[in-house]
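This is what each chain is made of:
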Amino acid sequence: MVYSLNFSKQAIRELEKINEPYYSKIKLAITNLTINPRPHGFKKLKGRDGYRIRVGDYRIIYDIFDKVLLVDIINVGNRKNVYE
């Protein structure tokens, strides 16, 4: 099963601000979510819907819809700012 990706406008804006080498690593991690939306190290968020994975100092916040095979990327950003 291959999941499709959906990006929020906020996630796209934040991705555009990220420089190399983190951009390539984040892009690869997001692409891998289509194959395995629950990779090693993913965590369920407390206090809000969604999951997160770590890529260095950056976090990818996303939600999984198994019935329609969709991964919704909610936000991407530095760990200091991404949870706000």
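Summarised in this report is the structure supplied together with it. What you see is a predicted model; the values in this text were computed from it and never measured.

Here's the deal with the overall build of the chain
Link 1 in the chain: Summing up its helical and strand segments, the chain has two helices and five strands in all.
Link 2 in the chain: Listed N to C, the secondary structure of the chain is β-α-α-β-β-β-β in terms of helices and strands.
Link 3 in the chain: Taken over the C-alpha trace, the chain has a radius of gyration of 12 Å; the compact-globule value for 84 residues is 12 Å, and the two agree within 12%.
Link 4 in the chain: The C-alpha extent of the chain, read off along each of the three principal axes, is 35 × 30 × 25 Å.
Link 5 in the chain: Taking all 84 residues of the chain together, 36% fall into the buried category.
Link 6 in the chain: Long-range contacts, defined as pairs at least 24 residues apart, comprise 49% of the intrachain contacts of the chain with a sequence gap of at least 6.
Link 7 in the chain: For the chain, the accessible surface area stands at approximately 5,700 Å², while carbon and sulfur atoms represent 52% of it.
Link 8 in the chain: For the chain, the separation between the mean place of its 16 positive charges and that of its 9 negative charges on side chains is 5 Å.

Here's the deal with the pattern of salt bridges
Close approach of charged atoms allows side chains with opposite charge to pair.
Link 1 in the chain: Per the counting criterion, the structure on display carries three salt bridges.
Link 2 in the chain: Close ionic contact of E14 with K17 constitutes a salt bridge, the shortest N to O distance being 3.5 Å. One end of the pair, E14, and the other, K17, are both in helix α1 (residues 9-17), three residues apart, so they sit about a helical turn from each other.
Link 3 in the chain: For E14, a relative accessible area of 23% translates into the label partly exposed.
Link 4 in the chain: The exposure class assigned to K17 is exposed, which follows from its relative accessible area of 59%.

So, how was this worked out
- Residues numbered from 1 in each chain as written.
- Predicted model: local features only at pLDDT ≥ 70, side-chain atom pairs only at ≥ 80, totals over all residues.
- Heavy atoms only, no water.
- Helix = DSSP H or I, 4+ residues; strand = E, 2+ residues; numbered from the N terminus.
- Rg over C-alpha atoms; globule rule 2.2 N^0.38 Å.
- Buried < 20%, exposed > 50% of the residue type's maximum accessible area, 1.4 Å probe, protein only.
- Contact = heavy atoms within 4.5 Å.
- Areas by Shrake-Rupley, 256 points an atom, 1.4 Å probe, with all protein chains shown as cover.
- Lys, Arg positive; Asp, Glu negative; His and termini not counted.
- Charge placed at Lys NZ, Arg CZ, Asp CG, Glu CD.
- Salt bridge = Lys/Arg side-chain N within 4 Å of Asp/Glu carboxyl O.

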